[in-house]
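The primary structure of each chain is shown beneath.
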Amino acid sequence: MSISLSSLILLPIWISMAQIQQGGPDEKEKTTALKDLLSRIDLDELMKKDEPPLDFPDTLEGFEYAFNEKGQLRHIKTGEPFVFNYREDLHRWNQKRYEALGEIITKYVYELLEKDCNLKKISIPVDATESEPKSFIFMSEDALTNPQKLMVLIHGSGVVRAGQWARRLIINEDLDSGTQIPFIKRAMDEGYGVIVLNPNENYIEVEKPKIPVQSSSDSSDEPAEKRERKDKVSKETKKRRDFYEKYRNPQREKEMMQLYIRENGSPEEHAVYVWDHFIAQSAAEKVFFVAHSYGGLAFVELMIQREADVKSKVTAVALTDSVHNVWHQEAGKTIREWMRENCCNWVSSSEPLDTSVESMLPDCPRVSAGHGGEQSVHPGPVT
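The model shown is predicted, which means the values in this text are computed figures rather than measured ones.

Trainee: Where do I start with the overall build of the protein in this structure?
Mentor: Secondary structure assignment for the protein yields 13 helices and 12 strands. Buried positions account for 40% of the 383 residues belonging to the protein. Here the analysis covers contacts within the protein between residues at least 6 apart in sequence; of these, 69% occur between residues at least 24 apart. Accessible area for the protein stands at about 22300 Å²; split by element, carbon and sulfur atoms hold 51% of it.

Now the structure itself:
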């Protein structure tokens with residue numbers, strides 16, 4: 001049996017509390033003081049002391065996983081599915097490992113979109129300078145020139161990126177369950193142009209610049225002896241601070257800052273931007289949307305901002321578990337009427353596929369998707 005460092009640190013406090021609670025009423029004050037001490041201990045920070053380094057591979061091979069011929073993620077030696085609880089009692093470390101694997105899978109899906117689906121990666125904003133933050137979308141060769149049909153795919157919120165519906169399903173089920181690839185391939189087989197949005201790619205992260213500490217010796221009408229004394233105190237203070245920081249944050253995780261992408265700083269902004277610069281410019285007579293979860297909200301926001309244009313170009317919208325709300329988003333009567341005629345929301349339900357499901361909102365019909373919703377095979381990960 002292994003005992004963690006955090007447990008060893010807290011053990012004397014727990015023992016003291018147990019002993020005090022066995023005493024009489026006079027010991028209540030001590031119990032209160034110890035409880036107050038426990039409440040001040042940041043257990044998340046304390047548990048970092050027990051963690052292995054947050055140093056993970058940057059390839060699937062490094063993780064010793066690969067996708068088999070069925071699109072299932074399997075361990076290359078054991079053939080077993082992905083295991084979230086790789087290290088017992090280290091949930092934070094396991095979560096960081098899961099997130100690192102997820103980032104690799106995001107890049108893997110991007111490669112599939114280009115190589116297997118023959119989509120082009122298009123940088124946005126279209127007029128971005130060399131130095132400013134950029135995002136991208138994916139399009140088929142004929143997305144803007146196909147005179148008949150265009151399919152537009154919008155995923156939901158969270159960690160998913162272009163080409164994905166749910167990271168958890170990719171990892172625990174297979175690529176067909178968790179990615180948009182089956183939709184893309186079928187659409188292209190049936191003669192549609194395709195545009196894949198990337199609404200969660202709203203910013204890039206860069207390390208926060210360190211603010212240089214100006215030496216007190218720079219400002220100086222002070223006597224040299226006084227300046228030396230102040231510099232010495234400053235160095236000692238920095239030394240103590242660095243020592244504390246090393247103890248507080250042994251993994252030395254970098255402090256990051258976000259640089260937002262112009263006109264694409266939110267899923268709603270992104271949908272409007274892609275509409276204005278691509279979808280509205282396409283030759284397609286009929287445009288169709290498939291939008292999942294928050295993607296449905298982004299579509300409704302697009303309608304609110306570009307109502308006449310959307311009505312003139314969009315033929316039908318398939319929503320899946322959409323989280324839009326026509327009241328909160330203040331969608332007008334004409335938008336709600338259009339949605340009733342042109343949209344359908346397939347929702348998680350135990351009812352048979354396409355069975356009508358009651359809705360409290362006066363927008364589009366809701367029908368059963370024929371299943372109870374996304375299920376996680378393995379406990380633990382936050383997606």
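Trainee: Could you clarify how one ought to interpret the confidence of the model for the protein in this entry?
Mentor: Interpretation of this model should avoid reading the predicted coordinates in detail wherever pLDDT is low. Residue-level pLDDT values for the protein average 84, and 73% of them are 70 or greater. In this model residues 7-11 is a low-confidence stretch, pLDDT under 50, and it forms 8 contacts with partners more than four residues away in sequence or in other chains. Per-residue pLDDT stays below 50 along residues 375-383; that stretch engages in 22 contacts with residues further than four places along the chain or on separate chains.

Trainee: Explanation requested: the sheet that holds strand β11 (residues 343-347) in the structure shown.
Mentor: Sheets are built from strands paired through backbone hydrogen bonds, the pairs being either parallel or antiparallel. The mixed open sheet is built from 8 strands, whose spatial order is β3-β4-β6-β5-β9-β10-β11-β12. For this open sheet the edge positions go to β3 (120-124) and β12 (366-368), each flanked by a neighbour on one side alone. The mean angle between the axes of side-by-side strands here comes to 20°, regardless of whether they run parallel or antiparallel. Pairing analysis gives 6 bridges linking strand β5 (residues 149-154) to strand β9 (residues 286-292), with the strands arranged parallel. For Leu150, the partnering residue across the bridge sits in β9 and is Val287. Relative to the sheet, helix α8 (residues 181-189) contacts β5, β6 (193-196) and β9, its axis offset from that of β6 by approximately 155°. In the packing of helix α13 (residues 333-342) onto the sheet, contacts are made with β10 (314-320) and β11, and the angle to β11 comes to roughly 65°.

Trainee: So what exactly am I meant to see when it comes to unusual backbone geometry here?
Mentor: Keep in mind that most residues, glycine aside, have a negative phi and that most peptide bonds are trans. For the bond running from Ile124 to Pro125, omega is -5°, close enough to zero to count as cis. With a phi angle near 60°, Asn118 is a residue other than glycine that sits in the positive phi range. Summarising the element assignment, Asn118 is placed in the loop between α5 (91-115) and β3. Of note in the backbone geometry, Asp354 takes a positive phi value of approximately 70° without being a glycine. Relative to the assigned elements, Asp354 resides in the loop between β11 and β12.

Trainee: For this particular structure, what's the right way to read the packing of aromatic side chains?
Mentor: Aromatic rings considered in pairs are described by the distance between their centres and by the relative angle of their planes. Applying the stated criterion across every chain yields a total of 15 aromatic pairs. With a centroid separation of 6.0 Å and an interplanar angle of 50°, the aromatic rings of Phe82 and Tyr98 are classed as tilted. Note that Phe82 is positioned in the loop between β2 (73-75) and α5 and Tyr98 in helix α5, a separation of 16 residues in sequence. Of the two residues, Phe82 and Tyr98, both sit in the buried class. Taken together, a centroid distance of 5.9 Å and an interplanar angle of 70° make the contact between Phe84 and Tyr98 edge-to-face. Here Phe84 is found in the loop between β2 and α5, whereas its partner Tyr98 is found in helix α5, with 14 residues between them in sequence. Of the residues examined, Phe84 reaches a relative accessible area of 2% and is grouped as buried. Taken together, the ring pairs in this structure connect Tyr65, Phe82, Phe84 and Tyr98 into an aromatic cluster. The ring of Tyr86 carries the charged tip of Arg97 above its face, separated from the ring centre by 4.2 Å. Between the NZ or CZ atom of Lys121 and the centre of the ring of Tyr110, over which it lies, the distance is 5.9 Å.

Trainee: Help me understand the packing of helix α10 (residues 267-279) against helix α11 (residues 294-305), please; the structure alone is not making it clear to me.
Mentor: The packing of two helices is summarised by the inter-axis angle and the distance between the axes. For the pair α10 and α11, interaxial distance at closest approach is 9 Å and the crossing angle is 55°. One way to sum up the angle between α10 and α11 is to call them oblique. In terms of crossing hand, the pair formed by α10 and α11 is right-handed. Together, Pro267, Glu268, Ala271, Val272 and Trp275 of α10 and Tyr294, Leu297, Ala298, Glu301, Leu302 and Gln305 of α11 make up the contact between the two elements. Looking at the contact of α10 with α11, its residues break down into 8 nonpolar, 1 polar and 2 charged.

Here is what the cut-offs are and how they apply
Residues numbered from 1 in each chain as written. Predicted model: local features only at pLDDT ≥ 70, side-chain atom pairs only at ≥ 80, totals over all residues. Heavy atoms only, no water. Helix = DSSP H or I, 4+ residues; strand = E, 2+ residues; numbered from the N terminus. Buried < 20%, exposed > 50% of the residue type's maximum accessible area, 1.4 Å probe, protein only. Contact = heavy atoms within 4.5 Å. Areas by Shrake-Rupley, 256 points an atom, 1.4 Å probe, with all protein chains shown as cover. pLDDT = per-residue confidence, 0-100. Pairing = 2+ DSSP bridges. Axes fitted to C-alpha atoms, helices over the stretch in contact; angles between N-to-C directions. Phe/Tyr/Trp six-rings, centres within 6.5 Å; stacked < 30°, edge-to-face > 60°. Lys NZ or Arg CZ within 6 Å of the ring centre and 35° of its normal. Parallel < 35°, antiparallel > 145°, perpendicular 65-115°, else oblique. Left-handed = near helix turned anticlockwise from the far one by under 90°. Nonpolar A, V, L, I, M, F, W, Y, C, P; charged D, E, K, R; others polar.

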